[in-house]
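Residues per chain are reported as follows:
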Amino acid sequence: MKEISCKLLVIGAGPGGYVCAIRAGQLGVDTVIVEAGKPGGTCLNVGCIPSKALIHAAEEFEKVAHMAGGKSPLGISVAAPTLDLGKTVAWKDGIVSRLNSGVAGLLKKAGVKTVHGWATFRDGKTVAVETETGVQVIRAEAIVIATGSAPVELPFLPFGGPVISSTEALALSEVPKKLAVVGGGYIGLELGMAFAKMGTAVTVVEALPRVLAQYDAELTRPVVKRLAQLGVEVMLGAKAKGVKGDALLVETADGKSAKIAADKILVTVGRKPVTEGWGLDQIDLDMAGKFIRIDGQCRSSMRGIFAIGDVTGEPMLAHRAMAQGEMVAEIVAGHKRSWDKRSIPAVCFTDPELVTAGLSPEEAKALGGELKTGLFPFAANGRAMTKMGEDGFVRVVARADNHLVLGIQAVGQGVSELSAAFGLALEMGARLEDIAGTIHAHPTQGEGFQEAALKALGHALHI
């Protein structure tokens, strides 16, 4: 094959990679992107998008099942529902396929050349790609590594048979009767709660003293309450030890052995960067533990090589990768760019949902100085009442001296959609008075944001 030369080569067409390539193409940069699978990466194909589709289907099924039981206060009663998971997965796959085509179309429109295959570094400027028709050599002035991450596999619970990762969980053809979830983080609880709503008996095994340990206990309390309502058994301080037949072997918090009967064992103990198989040993990159070390502009230790997204460390969020990719494209195009990391909203799509942006109360305290905190419960919000979603709250953390907002958190039904307002407030350097003085539409859950700011200022109106 003829050697290809370009100004920018992007390795990986996940959210970070494809956004980087599209933006570079828009700026007139001669760009090539290499992807071994389908465009969109983990997020679009086996992560964010398909999991939200499954979560939505589970929510709809649970609503109807609740009505069939004659327990709905809305006065609606229906026949007992049934669920064809195969059809649900086919619907989910249709969404993924449309988005795959959309990303491919956007790359083409931006003038980006796509090469399908697995890329391996030969040196800091040259990559060889194994394609279906042979090896394609690509030389580039600048290279972006956007290889993403993969599920962590436990040595005593290797994937295969009944032991599955989130990828397989999103492609099941039947709802399992019994599901053991190893890991009580956001992935395990998002999927565990979804299957519980579909009728699965779910047990969560978490080694730490509480689930969703990356969030503060006050924020996760409504989720823990909902887990109990759904009949999910949560084993805290417990360690998975292996699998025997159709059971997960567990060491409980008091050191005893237990067996959890399970049709499927879903292992969700984290994700690891994909740093193997693409020739890391052929180039000389500084590492930060298992991640590629980067500076504030995503430059690696080698001139002309950038790295973005999950391969560079936490937080492993698609929108972080996208922001990095856009910035790098503009830097390669000769623009002066940097990015401010103080506001990267994170959403956990459990029931209820969690949103965090900026600093948590504990992180804000660590900075020193006095704080003002305002919390407004959805139990006092009219829109939340009409949606039967009164559990949860919005919380605002600000400096006491100048009222600069440092962090915003929320837990509640549908609060993921408030993440944009939270991120914008932090990005714009809002003070409590800015949020309190902004007229919020009534009746909406967003009013809770304004009320939390008012509460921090000492004059909440509706509580």
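Note that the coordinates shown come from a computational prediction; the quantities given were computed from them, not determined experimentally. (Residues numbered from 1 in each chain as written. Predicted model: local features only at pLDDT ≥ 70, side-chain atom pairs only at ≥ 80, totals over all residues. Heavy atoms only, no water.)

### Some points on the nonpolar core
Part 1 of the argument: Membership of the largest hydrophobic core comes to 33 residues, with the highest contact counts inside it found for Phe 195, Val 202 and Leu 354.
Part 2 of the argument: Of all the secondary-structure elements, those providing two or more residues to this core are helix 3 (48-68), helix 4 (85-109), strand 9 (178-182), helix 6 (186-197), strand 10 (201-206) and helix 7 (217-229).
Part 3 of the argument: It is helix 6 that provides the largest number of residues to this core, a total of 6 residues.
Part 4 of the argument: Setting aside residues up to four positions removed in sequence, Leu 354 forms contacts with Leu 212, Tyr 215, Leu 219, Thr 220, Val 223, Ala 346, Val 347, Cys 348, Ala 410, Val 411 and Val 415.
Part 5 of the argument: Leu 44, Ala 142, Cys 298 and Trp 339 belong to the second-largest nonpolar core, a separate cluster that totals 32 residues. (Core = buried A, V, L, I, M, F, W, Y, C linked by side-chain atoms within 4.5 Å. Buried < 20%, exposed > 50% of the residue type's maximum accessible area, 1.4 Å probe, protein only. Helix = DSSP H or I, 4+ residues; strand = E, 2+ residues; numbered from the N terminus. Contact = heavy atoms within 4.5 Å.)

### Details of the packing of aromatic side chains
Part 1 of the argument: Overall, the coordinates contain 2 aromatic pairs when judged by the stated rule.
Part 2 of the argument: The interplanar angle of 65 degrees and the centroid separation of 4.9 Å between the aromatic rings of Phe 422 and Phe 449 together place this pair among those described as edge-to-face. Of this pair, Phe 422 sits in helix 11 (residues 419-427) while Phe 449 sits in helix 13 (residues 447-457), placing them 27 residues apart in sequence.
Part 3 of the argument: Given a relative accessible area of 6%, Phe 449 falls into the buried group. (Phe/Tyr/Trp six-rings, centres within 6.5 Å; stacked < 30°, edge-to-face > 60°.)

### Brief notes about a nonpolar patch on the surface
Part 1 of the argument: A contiguous nonpolar patch, built from Val 64, Leu 74, Ile 76, Val 78 and Met 388 and spanning about 400 Å² of accessible area, is present on the exposed surface.
Part 2 of the argument: Among the structural elements, Met 388 can be located in the loop between helix 10 (382-386) and strand 23 (393-399).
Part 3 of the argument: We classify Met 388 as partly exposed; its relative accessible area is 46%. (Patch = residues over 30% accessible without salt bridge, like charges linked within 9 Å, V, L, I, M, F, W, Y side chains within 5 Å. Areas by Shrake-Rupley, 256 points an atom, 1.4 Å probe, with all protein chains shown as cover. Salt bridge = Lys/Arg side-chain N within 4 Å of Asp/Glu carboxyl O.)

### Quick word on unusual backbone geometry
Part 1 of the argument: The amide bond that connects Glu 314 to the next residue, Pro 315, takes the cis arrangement and shows omega of -5 degrees.
Part 2 of the argument: Within the fold, Pro 315 resides in the loop between strand 19 (305-307) and helix 8 (318-332).
Part 3 of the argument: In this structure, the amide linkage connecting Asp 351 to the following residue, Pro 352, adopts the cis form with an omega of 0 degrees.
Part 4 of the argument: Turning to its location among the elements, Pro 352 is positioned in the loop between strand 20 (346-348) and strand 21 (353-358).
Part 5 of the argument: A positive phi angle is found at Leu 212, which is not glycine, with a value near 45 degrees.
Part 6 of the argument: Turning to its location among the elements, Leu 212 is positioned in the loop between strand 10 and helix 7.
Part 7 of the argument: Phi angles above zero are rare outside glycine, and Met 388 is one such case at about 55 degrees.

### Here's the deal with the sheet that holds strand 9
Part 1 of the argument: The sheet built from 5 strands is open, its strands ordered 8-15-9-10-11 with parallel pairing. Every other strand in the sheet has two partners, leaving strand 8 (163-164) and strand 11 (233-236) as the edge strands with one partner each.
Part 2 of the argument: As paired elements, strand 9 and strand 10 share 5 bridges and run parallel to each other. Each residue of the ladder has a partner; that of Val 181, found in strand 10, is Val 204.
Part 3 of the argument: Along the sheet, helix 6 contacts strand 9, strand 10 and strand 15 (264-267); its crossing angle with strand 10, the most-contacted strand, is approximately 160 degrees. (Pairing = 2+ DSSP bridges. Axes fitted to C-alpha atoms, helices over the stretch in contact; angles between N-to-C directions.)

### Some details on the sheet that holds strand 24 (residues 405-412)
Part 1 of the argument: Here 5 strands make up an open sheet; going across it, the order is 20-21-24-23-22 and the pairing antiparallel. Each end of this open sheet is capped by a strand with a single partner; those strands are strand 20 and strand 22 (371-377). Neighbouring strand axes in the sheet, compared pairwise and without regard to direction, differ in orientation by 10 degrees on average.
Part 2 of the argument: Pairing between strand 22 and strand 23: 7 bridges, direction antiparallel. Directly across from Phe 376, in strand 23, lies its bridge partner Val 394.
Part 3 of the argument: Taken strand by strand, helix 11 contacts strand 20, strand 21, strand 23 and strand 24, and its axis lies near 175 degrees from that of strand 24.
Part 4 of the argument: Helix-sheet contacts for helix 13 involve strand 22, strand 23 and strand 24, and the interaxial angle to strand 22 is about 140 degrees.

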